[in-house]
Amino acid sequence: MPDPVLQVEDLSISFTSGGVSADVVRDLSVTLDGGRTLAVVGESGSGKTITGRAIMQLLPQAASARGRIVVAGREMLSADERELRRARGSDVAMVFQDSMSALSPYLDIGAHIAQAVRLHDRSVSRRAARLRAVEMLERVGIPEPADAVRRFPHEFSGGMRQRAVIAMALVNRPALLIADEPTTALDVTVQAQILALLRELQQEFGMAMLLISHDFGVVASAADDVLVLYAGREAEYGSLRDIFEHPAHPYTAGLRGATPRLDARLDSNGERTRLRAIPGAPTSLRDAGAGCAFAPRCALADRVGERCVVEVPLPTLRTASTDGGVHRAACHLDRLPTLEEVAR
Amino acid sequence: MSITEIEQAEGRRSSVLRRFLRRKSGVAGLVMLVVPLVAGLCAPLLVRLEGQDPHTFHTDLLDPDGGRPLGALGGVSADHWLGVVPVTGIDLFAQIVYGIRSSLFIAFGASILAIVVAAVLGTAMGYFGGWLNAVGGRLIDFMFGFPGLMFVIAIMAIVPPEMPRGLVLVLVLAFFGWTVPARIIGAQASAINARAFVEAARATGAPASQIIRREMLPHLFGLVVVLFAMSLPANVSVVAGLSFLGVGLRGDVPDLGKLLSDSLPWIYSGADVWYMLFPGAVVFLIVFGATLAGDALRDVLDVRTEDAA
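Computed from a predicted structure; not experimentally measured.

(A) Main features of the UniProt feature "transmembrane region" (unreviewed entry) in chain B. All names here are of chain B. Following the UniProt record, one finds the feature "transmembrane region" (unreviewed entry) at residues 27-47, 104-127, 139-160, 166-185, 220-245 and 273-294. Here residues 139-160 is 77% helix and 0% strand, with 28 Å between the C-alpha atoms at its ends. Secondary structure content for residues 166-185 is 95% helix and 0% strand, while the C-alpha to C-alpha distance between its ends is 28 Å.

What follows is the structure in structure tokens.
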């Protein structure tokens, strides 16, 4: 088996401010092979975006990462700035949520892409880089690419801009693409187009994709595997099917119950099931101490008992995987929770 | 990104000049600034055209009793367009245009130097942040604490006579002039540095030099131009003020501030009001014009104050 494109081992990220430090990501381990898509889901503040930034080594100054991150054979945490610059954009690239702010208003679309080309291959002439930009724009489905390279970001629609951002990220054929909420700022029809485009390019280039999202619809249509984060820790990891159909963590099950579905089943009274919110607010990182961070909001914590509040649950393998993949959950409950149970 | 920013990016190349020209006060200011500026630049030419020079005494044009210029408006005539200087009879027009030359050269030099230092330091502070920003910020605070003008006066008073006073003035004014622009540019640069497209550039592997040059400087350019335009009139009046106080230019270099200073006794006695009025009007024109033009330029380049038109 070839080495995985992305290997994260025991990654912890902490923020330090005014002498106080808080862990935003703890003991995260995950691997991702070429051609596969891993969706990282979780609510705001669960650490999904900062994990993506850590892989690129684009952390804010106040943040520091420990553990191990290997991208295409390169140790990212110990790499110097020069090596990181070589890796960014060519080994690992990023697509951002807001395409308008991810493009400089003073540079035309072609300049953005040509710049990315020439950063990693100085032998390419300016002219040749512009031509590569035109090719790439055509590849991402922008009509009249020869004309589009000369346009400025504000002249594009949101969907076109996101295509341009994808072209900029993929022009150097990265082994890993980090897509941080790539469709959140787009409307639903365009979302589907962009996801389809990402899937298509992924197949073509054989690249691995880390899809950061909080939208289960997006995850369901694009991901092979899913990593659920809660308060900076892995709550559950498994194939898309395991996560959606046999969630092993009450949090994942709760998220499923809180997601609107077109195929919603009718309950015993013949009524459509209502969406169930998970009670409480996301756990403050400063409060996280002993025990499971989700315990205060968990409907099943009292069934397991004291263990939930005194012992941090570690990700353990679940036997119930339906498709033979790895299925881990960090929960003391020794069986799968049902959707009815998790909603109070 | 806001609508105004989009419009700004869209219309940037063609319409900054057009929008500036729509502002009557800005155009008026520009004329008030440019006419004396051109006069100063072409001083030797204009003086030759007038048929005079800034050194020759014309005692025949003076009232032998007291040295007051003969004739109306301080001796204005076809030969002496703005009259002559009392006691010596030197041509006042020649003195003024040469005076503009030295005043504006010093003011321009000091403003350019101060803004360049401010732009380099401010951009670096904004981009690199961290300790550089902390140290730079404290240095600026420290400089704010100085009574700048007092210091300039004190320094100019002890400059050894063999040093070129014009150059010393440029350096001293720049030394006290870079702080405010550096703080403003630094704040703007750090705001730009936090924008997503800078991170996007970093995510494609761009080095610091390229991010500063291609992503940040275009955003800072307008601000730098405006800060320059606003520091210019301040420096013109400070140069004139220093010469007025006797610590500016010395010797026989013509200077607007020195003319004003020399004219004081004549306006106290009412003997020759024009000796002060002509150079005073020129200083007023330059400072007022540069201020108007700077304000208009700021409004044109700053989308937040842009009018609906």
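That was the structure; now back to the text.
(B) How the structure looks around the environment of B:Pro254. Residue and element names in this part refer to chain B. As for its position among the elements, proline 254 is in the loop between α10 (208-244) and α11 (256-268). By the C-beta count within 10 Å, which is 22 here, proline 254 ends up buried. Residues proline 254 and proline 147 lie 107 residues apart in sequence; the distance between their C-alpha atoms is 28 Å. Setting aside anything within four residues of it in sequence, one finds proline 254 in contact with Pro54, Gln95, Tyr98, Gly99 and Ser102.

(C) View of the interface of chain A and chain B. Contact residues are listed per partner, giving 26 residues for chain A and 22 residues for chain B. Broken down by secondary-structure element, the contributors of at least two residues to the side of chain A that touches chain B are α2 (81-87), β6 (92-95), α3 (99-102) and α4 (109-120) of chain A. Of the residues contributing to the side of chain A that touches chain B, the split by class is 15 nonpolar, seven polar and four charged.

(D) Spotlight on the packing of α4(A) against helix α5 (residues 126-139) of chain A. Residue and element names in this part refer to chain A. One can describe the packing of α4 onto α5 by two numbers: an axis separation of 8 Å at closest approach and a directional angle of 115°. The chirality of how α4 crosses α5 is right-handed. Seen from α4, the contacting residues are Gly110, Ile113, Ala114, Val117 and Arg118; seen from α5, they are Arg126, Ala129, Arg130, Arg132, Ala133 and Met136. By residue class, the composition of the contact of α4 with α5 is six nonpolar, one polar and four charged.

(E) Up close: helix α7 (residues 158-170) of chain A. Residues and elements named next belong to chain A. The terminal C-alpha atoms of α7, which comprises 13 residues, lie 18 Å apart, in line with the 18 Å expected from a rise of 1.5 Å per residue. Where burial is concerned, most of α7 is hidden: 12 out of the 13 residues are buried. All of the buried residues in α7 are Gly159, Met160, Arg161, Gln162, Arg163, Ala164, Val165, Ile166, Ala167, Met168, Ala169 and Leu170.

(F) Region of interest: the domain arrangement of chain A. Residue and element names in this part refer to chain A. For chain A, the assigned domains read domain 1 (6-223) and domain 2 (247-342). Between the C-alpha centres of domain 1 and domain 2 there is a distance of 30 Å. Taken together, the contact between domain 1 and domain 2 spans seven residues of the former and five residues of the latter. With three residues, strand β2 (residues 20-32) is the largest single contributor of residues to the side of domain 1 that touches domain 2. Split by residue class, the side of domain 1 that touches domain 2 holds three nonpolar, two polar and two charged.

(G) Main features of unusual backbone geometry. All names here are of chain A. Although it is not a glycine, alanine 72 adopts a positive phi angle of roughly 50°. Examined against the element boundaries, alanine 72 turns out to sit in the loop between β4 (63-71) and β5 (74-75). C-beta crowding within 10 Å serves as the criterion here: with 19 such atoms nearby, alanine 72 is assigned to the partly exposed category. A positive phi angle, close to 50°, is found at glutamate 144, a residue other than glycine. Topologically, glutamate 144 is positioned in the loop between α5 and α6 (145-148).

What counts as what
- All residue numbers refer to position in the chain's written sequence, counted from 1.
- All chains are assigned letters beginning with A, and all ligands numbers beginning with 1, in the order in which they are written.
- Confidence filtering applies because this is a predicted model: local features only for residues at pLDDT of at least 70, side-chain atom pairs given and counted only at 80 or more, and all residues used for totals across whole chains, interfaces and linings.
- UniProt positions are given in the numbering used here, feature names are shortened, and annotations may be inferred rather than shown by experiment.
- Going along the chain from the N terminus, every DSSP run of H or I of four or more residues is numbered as a helix, and every run of E of two or more is numbered as a strand.
- Exposure classification rests on a simple neighbour count of other C-beta atoms within 10 Å of a residue's own: a residue reaching 20 or more is buried, one at 12 or fewer is exposed, and one in between is partly exposed. C-beta atoms are placed from the backbone.
- What counts as a contact is two residues whose backbone-derived C-beta atoms lie within 7 Å of each other.
- Amino acid classes used here: Ala, Val, Leu, Ile, Met, Phe, Trp, Tyr, Cys and Pro are nonpolar; Asp, Glu, Lys and Arg are charged; the rest, including Gly, are polar.
- Orientation is described by lines fitted to C-alpha atoms, with helices fitted over the stretch in contact, and by angles between N-to-C directions that extend from 0 to 180 degrees.
- Take the far helix as your reference; a near helix turned counterclockwise from it by less than a right angle gives a left-handed crossing, and one turned clockwise gives a right-handed crossing.
- Expected helix span is taken as 1.5 Å per residue step, with the number of steps being one fewer than the number of residues.
- Segment limits for the domains were obtained from an automatic or database-derived domain assignment.

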